[in-house]
Amino acid sequence: MIALGSDHAGFPLKEEIKKYLDEKNIEYTDVGCYSPERFDYAISAQKACDKVVSGECDRAILCCGTGVGISMAANKVRGIRACCCSDYFSAKYTRAHNDANVLCLGDRVVGAGLACELVEVFLNTEFEGGRHLTRVNQIMAIENGEKLY
Ligand code: RB5
């Protein structure tokens, strides 16, 4: 199950991503927003990320104008590793090397075609573990207030 969320600026891209997920028979839950009316991205980010942390959803895909604000908000949720991507390589390796659980996209940055390619590679790339697990654990240690040095 994928959690989807956006602000007003990301709303059109979220609707395109829903069409893509429907075509692929991938289940999702849309936490909003539900129209192009002004809506603050931190609310959707927290709602969607809470579903990932609770285990209700495997991953989240979030959209705002740039993808940046909603990724900043998402990364404030404990347990979330969100990456704002506008290129294929980053979307692939944020899964393979960072075990990212949230993909953030900018409606004003990427077109729907590229966005769906990024979603596809993000959902279909496995975490490689190994030395990358050590590094991901270090990221999470910072979140838990530990000193790495
Ligand atoms: C909304 O105008 C815009 O600021 C927002 O969608 C996002 O781009 C912020 O990072």
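The structure displayed is predicted, hence computed values, not measured ones.

Analysis parameters
- Residues numbered from 1 in each chain as written.
- Predicted model: local features only at pLDDT ≥ 70, side-chain atom pairs only at ≥ 80, totals over all residues.
- Heavy atoms only, no water.
- Helix = DSSP H or I, 4+ residues; strand = E, 2+ residues; numbered from the N terminus.
- Rg over C-alpha atoms; globule rule 2.2 N^0.38 Å.
- Buried < 20%, exposed > 50% of the residue type's maximum accessible area, 1.4 Å probe, protein only.
- Contact = heavy atoms within 4.5 Å.
- Patch = residues over 30% accessible without salt bridge, like charges linked within 9 Å, V, L, I, M, F, W, Y side chains within 5 Å.
- Areas by Shrake-Rupley, 256 points an atom, 1.4 Å probe, with all protein chains shown as cover.
- Salt bridge = Lys/Arg side-chain N within 4 Å of Asp/Glu carboxyl O.
- Expected span 1.5 Å × (residues − 1).

A. Quick peek at the overall build of the protein. A count of helical and extended segments in the protein gives 6 helices and 5 strands. In the protein, the succession of helices and strands from N to C terminus is β-α-β-α-β-α-β-α-β-α-α. Relative to the 2.2 N^0.38 estimate, which gives 15 Å for 149 residues, the radius of gyration of the protein is 14 Å and therefore close to what a compact globule would have. Considering only C-alpha atoms, the protein reaches an extent of 45 × 25 × 25 Å along its principal axes. By the burial criterion, 46% of the 149 residues in the protein qualify as buried. Considering only contacts in the protein between residues 6 or more positions apart, those separated by 24 or more positions represent 69%.

B. Region of interest: a nonpolar patch on the surface. A cluster of nonpolar side chains, namely Ile142, Leu148 and Tyr149, defines an oily patch on the protein surface of about 400 Å² accessible area. As for its placement among the helices and strands, Tyr149 is situated in the segment after α6 (131-143).

C. Examining the pattern of salt bridges more closely. Counted under the stated rule, the structure contains 8 salt bridges. Lys14 serves as the salt-bridge partner of Glu15, at 3.3 Å between the closest nitrogen and oxygen. Judged by relative accessible area, Lys14 falls into the buried class, the value being 1%. With a closest N to O distance of 3.2 Å, Lys19 and Glu16 form a salt bridge. Separated by 3 residues within a single helix, Lys19 and Glu16 lie in helix α1 (residues 11-23), roughly one turn from each other. If you follow the salt bridges from partner to partner, you end up with Lys14, Glu15, Lys18 and Asp30 in one network.

D. Representation of helix α5 (residues 112-124) within the structure. In this model α5 runs 18 Å from its N-terminal to its C-terminal C-alpha over 13 residues, within 8% of the 18 Å that 1.5 Å per residue would give. Looking only at α5, the buried set comprises Ala115, Cys116, Leu118, Val119, Val121, Phe122 and Leu123.

E. Just the environment of Leu105, in detail. One can find Leu105 in strand β5 (residues 102-106). The exposure class of Leu105 is buried, given its relative accessible area of 0%. When the C-alpha positions of Leu105 and Lys14 are compared, they lie 9.1 Å apart, and in sequence the two are 91 residues distant. With residues near it in sequence (within four places) discarded, Leu105 still touches Leu13, Ile17, Ile61, Leu62, Cys63, Cys64, Thr66, Gly67, Cys85, Ala115, Leu118 and Val119.

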